[in-house]
Amino acid sequence: MRLFVAMELPEELLEALSETSAALRDSVRGRYVAPDRFHVTLAFLGEVEGSRLPALVEALDEACQYHEPIPLALGELGSFGRRRSAVLWQAVDGGEALPSLAADVRAALRRAGFAFDEKPLVPHVTLMRAADLAGGILPSPALAGGTAGTVTLFSSDLSGAHPVYTPLERFFLG
Ligand code: ATP
Ligand code: MG
């Protein structure tokens, strides 16, 4: 199964992200991420054998137990990829706590022998894919703050029209 580890977001952030997404609809063409799929990816594992799930859960549990809930603030819009087919996202600032949690999660994965994408963490929430950023003026994003206390192991099913994320296990901080 295709797996990734992410933080689920508090209501205040979800509302502001939905507002940003609605504002983008008027100015940018592309595929919108439905608000019920908003998250901050900490580590992307990709394909993992189902038989390795217990070891994975144990590693994540260990990594999360020393962390407290994290105050998060939404920031500016940013993008990855090509101008006419970009991933468009809103930045998330969690101070030192968020990179520290991600580093511990990644270190635990490494120790337990799980491969993951080693790209440096850029904490963000993806709002659009295949976004056409040529020419358009981006709206100012809605801002909000709130505390996130949940790290979730998700499976991702890309076989349908939209990706389907299923929470397999939740790890509560603090
Ligand atoms: P689609 O791939 O159909 O556009 P998706 O990107 O939402 O859908 P996945 O590819 O399964 O679904 O990705 C799940 C999460 O992991 C998303 O937050 C995605 O941005 C992130 N992700 C995917 N691939 C990588 C990668 N190689 N490195 C880091 N993060 C990734
Ligand atoms: Mg993807």
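Residues numbered from 1 in each chain as written. Chains lettered and ligands numbered in written order. Predicted model: local features only at pLDDT ≥ 70, side-chain atom pairs only at ≥ 80, totals over all residues. Heavy atoms only, no water.

## Comments concerning the pairing of strand 7 (residues 145–148)
Two faces, one strand: in a regular strand the side chains alternate between the faces of the sheet. Side chains Gly146 and Ala148 project from strand 7 onto a buried face, and the interleaved Gly145 and Thr147 project onto a face without burial. Bridge count for strand 4 (residues 70–82) against strand 7 is 4 bridges, and the pairing is antiparallel. Paired with alanine 73 across the two strands is glycine 145, which belongs to strand 7. (Buried < 20%, exposed > 50% of the residue type's maximum accessible area, 1.4 Å probe, protein only. Helix = DSSP H or I, 4+ residues; strand = E, 2+ residues; numbered from the N terminus. Pairing = 2+ DSSP bridges.)

## Thoughts on helix 3 (residues 97–111)
Taking 1.5 Å as the rise per residue, helix 3 with 15 residues should run 21 Å; its terminal C-alpha atoms sit 21 Å apart, in good agreement. Here helix 3 has its buried residues at Leu98, Leu101, Ala102, Val105, Arg106, Ala108 and Leu109. Looking straight down helix 3, one finds that the buried residues subtend no more than 160 degrees of arc, so they occupy a single side. In this structure, the buried residues of helix 3 make contact with strand 1 (2–7), strand 3 (40–47), helix 2 (53–64), strand 4, strand 5 (85–93) and strand 8 (150–157). (Expected span 1.5 Å × (residues − 1). Arc of directions from axis to C-beta. Contact = heavy atoms within 4.5 Å.)

## Observations regarding the environment of alanine 107
Relative to the elements of secondary structure, alanine 107 occurs in helix 3. Each C-alpha atom, one on alanine 107 and one on glutamate 169, is 19 Å from the other, the two residues being 62 residues apart in sequence.

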